[in-house]
Amino acid sequence: MSDDAKTPKKPARGLRLALFASLAVNLAVLGLVLGAVLLRPPFDRAGPPHGRDFVFPYTRAFDEGQRHELGRNLRGAFERDRERDPPRPHGGLLGGYRAALELLRAEPFDPQAFGAALDAQSARAEARQAAGQRVLIDYVASLSPEERAAYAGRLEAEIEQMAERFRKYRR
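Reading the values: the criteria
Residues numbered from 1 in each chain as written. Predicted model: local features only at pLDDT ≥ 70, side-chain atom pairs only at ≥ 80, totals over all residues. Heavy atoms only, no water. Salt bridge = Lys/Arg side-chain N within 4 Å of Asp/Glu carboxyl O. Helix = DSSP H or I, 4+ residues; strand = E, 2+ residues; numbered from the N terminus. Buried < 20%, exposed > 50% of the residue type's maximum accessible area, 1.4 Å probe, protein only. Patch = residues over 30% accessible without salt bridge, like charges linked within 9 Å, V, L, I, M, F, W, Y side chains within 5 Å. Areas by Shrake-Rupley, 256 points an atom, 1.4 Å probe, with all protein chains shown as cover. Lys, Arg positive; Asp, Glu negative; His and termini not counted. Charge placed at Lys NZ, Arg CZ, Asp CG, Glu CD. pLDDT = per-residue confidence, 0-100. Contact = heavy atoms within 4.5 Å. Phe/Tyr/Trp six-rings, centres within 6.5 Å; stacked < 30°, edge-to-face > 60°.

Here we look at the pattern of salt bridges
For the coordinates displayed, the defined rule picks out two salt bridges. E158 serves as the salt-bridge partner of R60, at 2.7 Å between the closest nitrogen and oxygen. Here E158 lies in helix α8 (residues 145-170) and R60 lies in helix α4 (residues 56-60), a separation of 98 residues in the sequence. With respect to class, R60 is no different from E158; both count as buried. In this structure, the salt-bridge partner of E164 is R167, at a minimum N-O distance of 2.9 Å. Of this pair, E164 and R167 both sit in helix α8, three residues apart, roughly one helical turn.

Focus on a negative patch on the surface
A cluster of like negative charges, contributed by D63, E64, E69, E146 and E147, occupies part of the molecular surface. At the level of secondary structure, the elements contributing two or more residues to the negative patch comprise α5 (64-84) and α8. Along the chain, D63 falls in the loop between α4 and α5. When its relative accessible area of 37% is taken as the criterion, D63 is described as partly exposed.

Things to note about the confidence of the model for the protein
Predicted confidence across the protein gives a mean pLDDT of 77, with 62% of residues reaching 70 or more. Note on residues 40-46: pLDDT is under 50 here. Beyond four places in sequence and across chains, it has 14 contacts.

What about the packing of aromatic side chains?
Following the criterion strictly, the structure yields three aromatic pairs and no others. Residues F109 and F114 carry aromatic rings whose centres are separated by 5.8 Å and whose planes lie at 55° to one another, so their mutual orientation is tilted. One aromatic cluster in this structure is built from F62, Y139 and Y151.

In structure tokens:
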């Protein structure tokens, strides 16, 4: 047997680079999603929350350890969903934007196809929001009555802070 037969072959450099780039993009997107969920939005600059931003007071009301645990649970849920879902033709969370770019550059422009791409992105976002809500509900359900009462007190304080920011925003 020759030395070549014993030595496992390394994947092609291009394949390794593609896998590394894919991992980097996935980690960056995960960081953006978690940052958006776990960090305080700039209400003072942007006014009251819009659309799906309603979750911020709920996540901010957790203590730091709870936010980290909730974040781990959320990452796990997203990973399980990703494993269940078939691969997307344009890939990951950014794939919808890439598909939209292709449609915007196409001649002739197809407004129905562009609308369908936006609808697909919205449906994926709604599915992720629903998964996040399930994780939040399950996490709160796992709290002891004392932990849940403390959480409710912190949430009440967050709501009062939001109300104050809204009053300032409306002036």
